[in-house]
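# Observations on chain architecture
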Amino acid sequence: MANPPLRAAIVPVTPLQQNCTLLWCTQTMRGAFVDPGGDLPKLRAAAAQHGVTVEKIILTHGHIDHCGAAGPFAKELGVPIEGPHEADRFWIARLEDDGRAYGVPGTPFEPDRWLVEGDTVTVGNLTLDVYHTPGHTPGHVVFHHPASKLAIVGDVLFAGSIGRTDFPLGSHQDLLDAIVAKLWPMGDDTTFLPGHGQPGTFAQERATNPYVSDRALAA
């Protein structure tokens, strides 16, 4: 596709090397930052480099490396915050304390819109589908653009691994259920952008992931 409707650039931020994603509508050049955990100068530079006007911040979940800087950044840009699901209010409320623990500045905030299963989020002329995917955190959501065969999955799934579930309110079974019931039906040819590490495809994970491959789940 010469000019795909959606483009995305990954900008790793914070000492935890969290994948903040700048995604934008190529028709309007309006975009959103997904999970701006910190390092705001890097994010400003990415938007400027790609010529993107940021119109909102969207969040997969409430962990410090994903949303520690969301509140101040939204205020600076004059844009709303959408997401995550309200079940992550617990995590957002403790951002300041977690920030001290991890050495990452964290500012609690109230999103302009909590998201639930079946919601959509617009970015320029793009429409992203929202799925509630608890397990890593209770309020985790993922964003899917079917036309681009692209999913932004936060810390639900990684290339060769899955999200941790040993944090408060985590659930290993909920995470497995979310991956199988919400992600796999998006299609094997879907590319996913995880919260850490390299992008992958659902086909590759179903074939080789030690936790959620078809073989592992059938065992």
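Before reading further, recall that the structure is shown in the block above.
In this report, we go over the structure that sits alongside the text. (Residues numbered from 1 in each chain as written. Predicted model: local features only at pLDDT ≥ 70, side-chain atom pairs only at ≥ 80, totals over all residues. Heavy atoms only, no water.)

### Focus on the pairing of strand β8 (residues 141-145)
Defined as follows: Exposure classes here rest on a 1.4 Å probe applied to the protein chains alone. A residue is buried below 20% of its type maximum, exposed above 50%, and partly exposed in between. In this text, helices come from DSSP runs of H or I with a minimum length of four residues, and strands from runs of E with a minimum of two, each type numbered from the N-terminal end. By definition, two strands form a pair when at least two bridges between them are found by DSSP.
Within β8, five of the five residues are buried, which leaves it mostly tucked inside the rest of the structure. Side-chain alternation along β8 places Val141, Phe143 and His145 on one buried face and Val142 and His144 on a second face that is also buried. When strand β7 (residues 126-132) meets β8, the two strands line up antiparallel, connected through four bridges. Residue pairing for β8: Asp129 is matched across the bridge by His144.

### What about the pattern of salt bridges?
If the charged atoms of two oppositely charged side chains come close together, the side chains can form a pair. Selection rule: Just to be clear on terms, a salt bridge is a Lys or Arg side-chain nitrogen sitting within 4 Å of an Asp or Glu carboxyl oxygen.
Tallied over the full model, the rule gives 15 salt bridges. Two residues, Lys56 and Glu82, come together in a salt bridge whose shortest N-O distance is 3.1 Å. Note that Lys56 is positioned in strand β4 (residues 53-58) and Glu82 in strand β5 (residues 81-82), a separation of 26 residues in sequence. Here Lys182 and Glu117 are joined by a salt bridge, their closest N and O atoms 3.1 Å apart. Taken together, the residues span a long stretch of sequence, with Lys182 in helix α6 (residues 172-183) and Glu117 in the loop between α5 (95-102) and β6 (120-123) at a distance of 65 residues. When its relative accessible area of 21% is taken as the criterion, Lys182 is described as partly exposed. When salt bridges that share partners are traced, they join Lys56, Glu82, Arg113 and Asp119 into one network.

### What about the nonpolar core?
Nonpolar side chains tend to gather and get buried jointly when the protein is soluble and globular. For clarity, the cut-off: Buried residues of nine kinds, namely Ala, Val, Leu, Ile, Met, Phe, Trp, Tyr and Cys, make up a nonpolar core once their side-chain atoms join them within 4.5 Å. Residues are treated as being in contact if the distance between any of their heavy atoms lies within 4.5 Å.
Core analysis: the largest hydrophobic core is formed by 28 residues, its most contacted members being Leu22, Phe33, Leu43, Ile57 and Phe109. Among the elements that take part in this core, helix α1 (residues 40-50) stands out by supplying four residues, more than any other. When neighbours within four sequence positions are excluded, Phe33 is seen to be in contact with Cys20, Thr21, Leu22, Leu43, Ala47, Val54, Lys56, Ile57, Ile58 and Phe73.

### So, the sheet that holds β8
The strands that make up a sheet pair up through hydrogen bonds in the backbone, lying either parallel or antiparallel. One open sheet holds the six strands; their spatial order is β6-β7-β8-β9-β12-β13, and the pairing between them is mixed. Strands with a single pairing partner mark the edges of an open sheet, and in this sheet they are β6 and β13 (200-201). Across four bridges, β6 lies against β7 in antiparallel orientation. Residue Thr120 lies in a different strand from β7, and its bridge partner there is Asp129.

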